[in-house]
Amino acid sequence: MLSALLALGILGVLFGLLLGYAAIRYKVEGDPLVDKIDAILPQTQCGQCGYPGCRPYAEAIARDEADINRCPPGGETVIIALADLLGRDPKPLDETCGEEKPKMVAYIHEELCIGCTLCIQACPVDAILGAAKQMHTIIESECTGCELCVAPCPVDCIEMVPVKQGLDSWKWPAPPPPPYERPAADDDPAAEPAGAH
Amino acid sequence: MTEYALILISTVLVNNIVLVKFLGLCPFMGVSRKLETATGMALATTFVLTLSAICSYLVNEFLLIPLDLEYLQTISFILVIAVVVQFTEMVVHKTSPVLYQVLGIFLPLITTNCAVLGVALLNVQQQHGFLQSAVYGFGAAVGFSLVLVLFAAMRERIAVADVPEAFRGPAIALITAGLMSMAFMGFAGLVKG
């Protein structure tokens, strides 16, 4: 009886020490704050804040290197949300970064397109479809309206058009991001994403 | 050498942990709806199953048997498995954030995967030595992975197939699993004994 208690106890202590050591040895230098900030940013990857994308901007905010008012696509909503999260005062959008516009999508005037693929290379979200010497087109549902494709176009055939809210384009407001991705979204209630038992 | 090869083939095909021994059915049904997650789960399980088979052999051989405490096997194996999973998670998180992201929630859930405990206990029951235990654990894991990936690929196809109303969802999945199990019975003649 005593030996059983001792054996299990010692085993538990040993494993505890091992895990404690591992927790120090394999400590991950991740900042959970970055994820939270990144979740608030609009993910247009437009670079108007002066950082290469939304994630680097989130990291800069978390390190206190960047102000929270440098995101034109997010506009006031994002500034207020960030101010809430970080406990800072909201301030107006930084004019040097750009101005807040209604949600836009790019539109390619297809009769003018010469198929140079320059805009495809510029697009951060792969929303442009086309090949060399073939007409290009925008996948409207993927376009974040970042305007990065407008400048590279040699024949100026890309125009930004505001998204009209109609029956086709109206969406429910985005829910808060889920803690993890479920395996699939079909109608299979029995199979939980658990790998247990 | 032949002995280990036999153990490997026997655990992967003939005595498949899922389809013949019916262990680890939860992840088999739960994580098999997308090939990608199934592959991730298979990878994680392979690693943990092999490692925990080795560790629980060591605990059994050098702690429980000398002290005459065989009746503590189940609880100490559960302890070992939990520690191995937790340790794996930490190491993977540090060394390969990408793999950690792929495995995600499935990694900690392996703790309660009955295949892992089952293999540890079967090793004791069949009185395997150190290397035999390791190979048995690895073989069981490969068998689990094989079946999980195959099943996930099939379910991806079934998802787009025109299944009769009454069989949609879990029903057709269970029928598929049953058919797979029957198919694996065909391997029974492969190795004698």
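This text gives an overview of the structure that appears in the document. (Residues numbered from 1 in each chain as written. Chains lettered and ligands numbered in written order. Predicted model: local features only at pLDDT ≥ 70, side-chain atom pairs only at ≥ 80, totals over all residues.)

1. With respect to the overall build of chain A
Next, step 1: Each helix and strand counted, chain A has 5 helices and 4 strands in total.
Next, step 2: Counting helices and strands in the order they occur from the N terminus, chain A gives α-α-α-α-β-α-β-β-β.
Next, step 3: Considering only residue pairs separated by 6 or more positions, chain A has 57% of its internal contacts joining residues 24 or more positions apart. (Helix = DSSP H or I, 4+ residues; strand = E, 2+ residues; numbered from the N terminus. Contact = placed C-beta atoms within 7 Å.)

2. Quick notes on unusual backbone geometry
Next, step 1: Here Asp126 of chain A, not a glycine, exhibits a phi torsion of approximately 55°, which is positive.
Next, step 2: Positionally, Asp126 of chain A belongs in the loop between α5 (118-122) and β2 (128-129).
Next, step 3: One non-glycine residue, Asp68 of chain B, adopts positive backbone phi at about 65°.
Next, step 4: Mapped onto the fold, Asp68 of chain B is located in the loop between α3 (35-64) and α4 (73-95).
Next, step 5: Look at Asp68 of chain B and you get exposed, because 9 C-beta atoms sit within 10 Å. (Buried ≥ 20, exposed ≤ 12 C-beta atoms within 10 Å, placed from the backbone.)

3. Topic: the environment of Leu11 of chain A
Next, step 1: Its place among the elements puts Leu11 of chain A in helix α1 (residues 2-25).
Next, step 2: Residue Leu11 of chain A is classed as partly exposed on the basis of its C-beta count, with 19 C-beta atoms lying within 10 Å.
Next, step 3: Every residue in contact with Leu11 of chain A, bar those within four places of it in the chain, is listed here: Leu63, Ser76 and Leu79 of chain B.

4. Notes on the nonpolar core
Next, step 1: If you look at the biggest cluster of nonpolar residues, it comprises 55 residues, and the most contacted ones within it are Val48, Val84, Val116, Val119, Phe144 and Leu148 of chain B.
Next, step 2: For this core, the elements supplying multiple residues, two or more each, are α1 (2-14), α2 (25-30), α3, α4, α6 (106-109), α7 (114-125), α8 (130-160) and α9 (170-185) of chain B.
Next, step 3: Among the elements that take part in this core, α3 of chain B stands out by supplying 14 residues, more than any other.
Next, step 4: In this view, Leu148 of chain B contacts Phe28, Ser32, Ala38, Met41 and Ala42 of chain B; residues no more than four positions away in its chain are not counted.
Next, step 5: Residues Cys119, Cys123, Ala127 and Ile158 of chain A belong to the second largest nonpolar core, which totals 14 residues. (Core = buried A, V, L, I, M, F, W, Y, C linked by C-beta atoms within 7 Å.)

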